[in-house]
Amino acid sequence: MATTFESIMKQLKDRKFAPVYLLMGDEPYYIDQISNYIENNALPEEERDFNQTVFYGKDTNASDVVANAKQFSFGSEYHVVILKEAKDMKDIDLMQSYFQNPLKSTILVVCHKYGKMKASSYKACDKETVIFNSEPVRDYNLSAWVSKCAEENGYTISPEVALIITEHIGNDLNRIDNEFKKMKIFVPQGSKITSDIVEKNIGISKEYNIFELQDALGDRNGEKAAKICMHFANNIKDNPNVLTISSLNSFYSKMLAYHLLPDKSADNVSKIYGSNAFIQRKNVEKAQKHTLPQLMRIISILREYDAKTKGVDNAATDEELLKELVYKIMH
């Protein structure tokens, strides 16, 4: 059966349902997308009261879920059973016998987020079972994912603006998708998402954001870096040091990784900066403005201030720490 997100979704939209879906892994977004689609589309709304049940792992046990899954549908083509938060169900191993011989008129969906089920829990399962491992999007592919998500929601977006979103939100795919869905209330579909739209609808300043700070530091533009630093310091709750330092550490660590590449071909660089040629070129230019000793010194400074931000050997305020950090990076 289908094992990629795209192939599973295609089969669901073609109404080709499997008797069991074992959805597991560290990325909740894809698990939610598959589970929600089945919950909202497998049965007509008027049939769900009698033929659809949702369980939560911490509030149920294997015998109750299996007993429900073995029930035949009532006046409907399918009986749908969804087990959410399956990781919290202590006796999930006891469902193994059902996975091996499921009722074909039931659609059982097991959502095991933030980790994989033990292989022993589903060994020798029915050949029609869909087993899906939901893996996080790699950092270097995140901005491409944002562009694809924008497109799926009816928008276009430039690589630069996609990168601003990734730097601000990180790899929280559910939040990114939700931000685009919320835009539909105010931004007509078919529009190009600009930095102004992002600032207005997501709350990311087009001028004062972590991406612009990285840009300034990477270009060794002290005046611009100081200006953004002052804005961050004056709005420290919206720009906590722990997130700023984490983003800067990733930024400089990628530079270091670039310098350490024995073969700086486009394919190898894409493993660090993604496949978008514009983003590759822009980041490579910044990396080339730094030497290895400079990068090692900066990463050491970031580690020092990460510890201070977390209270190690520090009596300064967060605002003071941020100003010190940016000054030391520039000098």
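Here the structure is shown first, and the text comes after it.
Nothing here was measured: the structure is a model prediction, and the numbers come from that model.

### Let's talk about the sheet that holds strand 2 (residues 52–56)
Pairing within the open sheet is parallel, and its 5 strands lie in the order 2-3-4-1-5. Across the chains shown, the open sheet's two edge strands, defined by having one partner strand only, are strand 2 and strand 5 (130–134). Taken pair by pair, the neighbouring strands of this sheet meet at an average axis angle of 10°, ignoring direction. Two strands pair when backbone bridges link them, and strand 1 (residues 20–25) and strand 5 are joined in this way by 4 bridges, in the parallel orientation.

### Considerations on helix 10 (residues 210–218)
Of all 9 residues in helix 10, 9 are buried, a share of seventy percent or more. Buried residues along helix 10 sit in contact with helix 7 (159–169), helix 11 (222–234), helix 12 (241–259), helix 14 (277–287) and helix 16 (318–330). Between a side-chain oxygen at the N-terminus of helix 10 and the backbone nitrogen of Phe211 the separation is 3.0 Å; the capping residue is Asn209. Following helix 10 by one or two positions, Arg220 has its phi on the positive side, about 55°.

### Some thoughts on helix 1 (residues 5–13)
Working note: α-helix, 3.6 residues per turn, so residues spaced by three or four point in the same direction. Looking only at helix 1, the buried set comprises Phe5, Ile8, Met9 and Leu12. Buried positions in helix 1, seen along its axis, are confined to an arc of 95° and lie on one side of it. Taken together, the buried residues of helix 1 touch strand 1, helix 2 (28–41) and strand 5. One or two residues past the end of helix 1 sits Arg15, with phi positive at roughly 60°.

### Section: the environment of Tyr155
With respect to the helices and strands, Tyr155 occurs in the loop between helix 6 (142–152) and strand 6 (156–157). Through-space distance from the C-alpha of Tyr155 to that of Pro188 is 8.6 Å; in sequence the pair is 33 residues apart.

### A closer look at the packing of aromatic side chains
Under the counting rule described, the total for this entry stands at 6 aromatic pairs. Between Phe5 and Tyr30, the ring centres sit 4.8 Å apart and the planes meet at 55°, which makes this aromatic pair tilted. Here Phe5 is found in helix 1, whereas its partner Tyr30 is found in helix 2, with 25 residues between them in sequence. Grouping residues by exposure puts Phe5 and Tyr30 together as buried. Each ring, one from Phe50 and one from Phe74, has its centre 5.7 Å from the other, and the planes form 45°; the classification is tilted. On the criterion of sequence distance, the pair formed by Phe50 in helix 3 (residues 48–51) and Phe74 in the loop between helix 4 (62–69) and strand 3 (79–84) is long-range, its members being 24 residues apart. For the pair Phe50 and Phe74, one class covers both residues: exposed. Feature note: the residues Phe5, Tyr29, Tyr30 and Trp145 constitute an aromatic cluster, connected by ring pairs. Sitting over the ring of Tyr258, Lys264 keeps its end group 5.4 Å from the ring centre. Lying across the ring of Tyr305, Lys308 places its NZ or CZ 4.8 Å from the centre.

Conventions used here
- Residues numbered from 1 in each chain as written.
- Predicted model: local features only at pLDDT ≥ 70, side-chain atom pairs only at ≥ 80, totals over all residues.
- Heavy atoms only, no water.
- Pairing = 2+ DSSP bridges.
- Helix = DSSP H or I, 4+ residues; strand = E, 2+ residues; numbered from the N terminus.
- Axes fitted to C-alpha atoms, helices over the stretch in contact; angles between N-to-C directions.
- Buried < 20%, exposed > 50% of the residue type's maximum accessible area, 1.4 Å probe, protein only.
- Contact = heavy atoms within 4.5 Å.
- Polar contact = N/O pair within 3.5 Å; in protein donor to acceptor, adjacent residues only side chain to side chain.
- Arc of directions from axis to C-beta.
- Phe/Tyr/Trp six-rings, centres within 6.5 Å; stacked < 30°, edge-to-face > 60°.
- Lys NZ or Arg CZ within 6 Å of the ring centre and 35° of its normal.

That is the geometry; function is a separate question.
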